[in-house]
Amino acid sequence: MASHSDSASSRVPAEKESIVVPAAAVPSTGICLRSLSPLGVHTIVVSEDPFAMSFSSKYCDEAVLVPDPTTDLEMYSKALLALARREDVRTIVPVREEDAFVLSKHREAFAEYISTPWPNMEALQRVHDRVRLAAAAETAGVPVPKTTPLEAVETWDSPSIIKSRYNLLVNEYVDTVPQGETDRNKTVKHVQTGEVVSVDELRTTFGHNPIVQEFISTDEEYMFAALCDHGEPLSTFHHEQIRAPSYTGGGGVYRESTYLPKLEDTALALLEELEWHGLACIEYMRHPETGDFYLTEINPRMWTSLSANVQMGANFPKYYWQMAMNRTNKINSNYERGVGCHYFKGELMHVLSLLGEDSALVERPSLMETLYKILLSCYRQQNFDVFSRDDPWPFIQDILTEIDGATPTLFELVELGRRASRSDRPTHWRKAADTPETKDDRHQLRLSAGLPSQH
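Bear in mind that the values here come from a model prediction, so they are computed numbers and not experimental data.

Asker: I'd like a rundown of helix 7 (residues 130-140), residues and numbers included.
Answerer: Those residues of helix 7 not exposed but buried are R130, V131, L133, A134, A136 and A137. Against the buried residues of helix 7 lie helix 6 (121-128), strand 5 (147-149), strand 6 (160-163), strand 10 (211-214), helix 9 (261-274) and strand 15 (293-299). Sitting at the head of helix 7, D129 places a side-chain oxygen 3.0 Å from the backbone nitrogen of V131. Trailing helix 7 by a residue or two, G141 shows a phi angle of about 75°, which is positive.

Okay, structure coming up:
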């Protein structure tokens with residue numbers, strides 16, 4: 001197995017075997033806990049937020065506050081390393097992009113104490129940098145949209161997409177980011193043929209030189225998930241992304257499991273070229289004319305739709321644990337096809353995007369038709385990411401967080417509905433985050449619902 005498997009087996013046995021799972025604002029942490037705890041694994045959830053959603057889960061065995069990786073990446077890595085030194089801890093799950101960066105950067109240090117089923121820094125940088133990733137895809141002989149650094153673009157002679165060059169912005173990638181801090185820029189700009197583009201403004205918007213990619217008009221987007229051992233797949237999974245957080249695209253918020261041999265071959269060729277080790281979530285677009293699958297990006301961590309995949313039968317948290325414990329022979333990668341699952345908050349975001357976003361390249365669908373499709377799919381496929389009858393508190397915590405930070409007034413909702421029926425729909429929708437409550441007031445809101453102030 002990976003570099004740690006020998007050191008893990010040689011450690012002094014402990015009464016319990018533990019795994020560290022960073023808390024995320026998306027459902028991936030919660031499903032890791034629900035998958036691992038029934039296996040008898042002691043779960044340690046870490047977060048900089050004492051009111052993290054996953055702290056309230058019945059499957060959270062231990063809660064640990066750590067420094068915020070967005071503002072103090074070095075202290076965050078030291079906190080994880082301190083946990084790794086514990087005799088009961090066996091491995092750490094990369095849930096956020098910051099986790100993947102820290103674990104890969106300090107992989108050798110972690111390997112002295114725990115299993116390290118994640119890539120080294122060179123491999124991580126190769127997928128974090130979308131220019132290098134496109135080059136790797138070309139070397140592997142698999143389709144990728146034409147990808148060019150902004151400064152190398154001479155003419156805008158075809159529809160294009162402008163986005164961040166990196167999955168994660170850190171000083172090691174972009175010198176404008178302060179040392180020890182992280183940032184993410186999810187801005188995506190659609191550019192029509194011949195449109196006048198200000199390079200200086202784009203550099204200011206992105207904080208670095210972004211990339212320009214060929215725009216592929218398609219209604220078919222897919223996610224390919226894998227767990228690999230140095231390029232060899234231990235488990236793979238496919239789903240089609242039916243709806244995204246925005247009507248213009250993004251990760252799936254309603255998905256249906258599937259299997260496509262051509263997608264499998266395309267993804268595995270890339271992972272072999274990368275000699276990929278650990279988790280990979282790869283997003284693809286299917287070309288409407290050729291049927292080829294074009295690479296969008298790779299996320300080197302647990303992904304937002306993980307809960308959906310587990311409900312479909314692809315239990316990647318369990319597979320990850322089995323890999324970490326050198327039990328890869330027990331991994332069963334079978335899953336049920338044709339199963340749909342919704343991320344409820346993401347579905348709401350999709351609806352709101354129809355009211356507040358605009359694209360020069362993607363036609364806005366009908367609001368009523370979209371609502372009909374969402375309701376119909378919810379009726380036919382009654383599976384949801386966050387809610388669980390035997391573990392309801394994370395769902396309640398998530399709802400309270402949304403109420404706390406971004407609740408539009410009734411008047412605003414009525415106004416949105418009124419404008420949606422007119423041709424002068426707003427191009428931006430303001431989230432009512434400017435609420436007058438203090439931080440203590442917001443915490444009291446959670447306490448009044450019965451949520452603990454500390455785990």
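There is more to say after this.
Asker: Could you give an account of the packing of helix 3 (residues 73-84) against helix 4 (residues 97-105), naming the residues involved and the relevant values?
Answerer: When two helices pack together, their arrangement is given by the angle between the helix axes and by the axis-to-axis distance. Closest axis-to-axis distance for the helix 3/helix 4 pair is 10 Å, and the angle between their directions is 70°. Judged by the inter-axis angle, helix 3 sits roughly perpendicular to helix 4. In this structure, helix 3 uses L73, Y76, S77 and L80 to contact helix 4, whose residues at the interface are E98, D99, F101, V102 and L103. Classifying every residue of the contact of helix 3 with helix 4 gives six nonpolar, one polar and two charged.

Asker: An account of the sheet that holds strand 2 (residues 42-47) is requested, with residue identities and associated values reported.
Answerer: Pairing is parallel in the open sheet, where four strands are placed in the order 3-2-1-4. The strands lining the two open edges of the sheet, one partner per strand, are strand 3 (62-65) and strand 4 (89-92). Across the sheet, the axes of successive neighbouring strands diverge by a mean angle of 25°, strand direction being ignored. The sheet contact formed by strand 2 and strand 3 spans four bridges and is parallel. From the neighbouring strand, V46 faces strand 3, where its bridge partner is V64.

Asker: Explain the environment of D49 to me, and be specific about the residues and the numbers.
Answerer: In this structure, D49 sits in the loop between strand 2 and strand 3. Put simply, D49 and D68 are 19 residues apart on the chain and 8.3 Å apart in space, counted from C-alpha to C-alpha. Setting aside residues no more than four positions away along its own chain, D49 makes contact with F55 and L65. A polar atom in the side chain of D49 sits 2.9 Å from the backbone nitrogen of F51.

Asker: Pulling in residues and values, what's your account of the sheet that holds strand 16 (residues 340-342)?
Answerer: The six strands are arranged 15-14-11-12-13-16 in an open sheet whose pairing can be described as antiparallel. Looking at the sheet topology across the chains shown, the edges are occupied by strand 15 and strand 16. Each neighbouring strand pair of the sheet contributes to a mean axis angle of 30°, computed without reference to strand direction. Bridge count for strand 11 (residues 221-229) against strand 14 (residues 278-286) is eight bridges, and the pairing is antiparallel. The residue of strand 14 that forms the bridge with C228 is G278.

Conventions adopted
- Residues numbered from 1 in each chain as written.
- Predicted model: local features only at pLDDT ≥ 70, side-chain atom pairs only at ≥ 80, totals over all residues.
- Heavy atoms only, no water.
- Buried < 20%, exposed > 50% of the residue type's maximum accessible area, 1.4 Å probe, protein only.
- Helix = DSSP H or I, 4+ residues; strand = E, 2+ residues; numbered from the N terminus.
- Contact = heavy atoms within 4.5 Å.
- Polar contact = N/O pair within 3.5 Å; in protein donor to acceptor, adjacent residues only side chain to side chain.
- Axes fitted to C-alpha atoms, helices over the stretch in contact; angles between N-to-C directions.
- Parallel < 35°, antiparallel > 145°, perpendicular 65-115°, else oblique.
- Nonpolar A, V, L, I, M, F, W, Y, C, P; charged D, E, K, R; others polar.
- Pairing = 2+ DSSP bridges.

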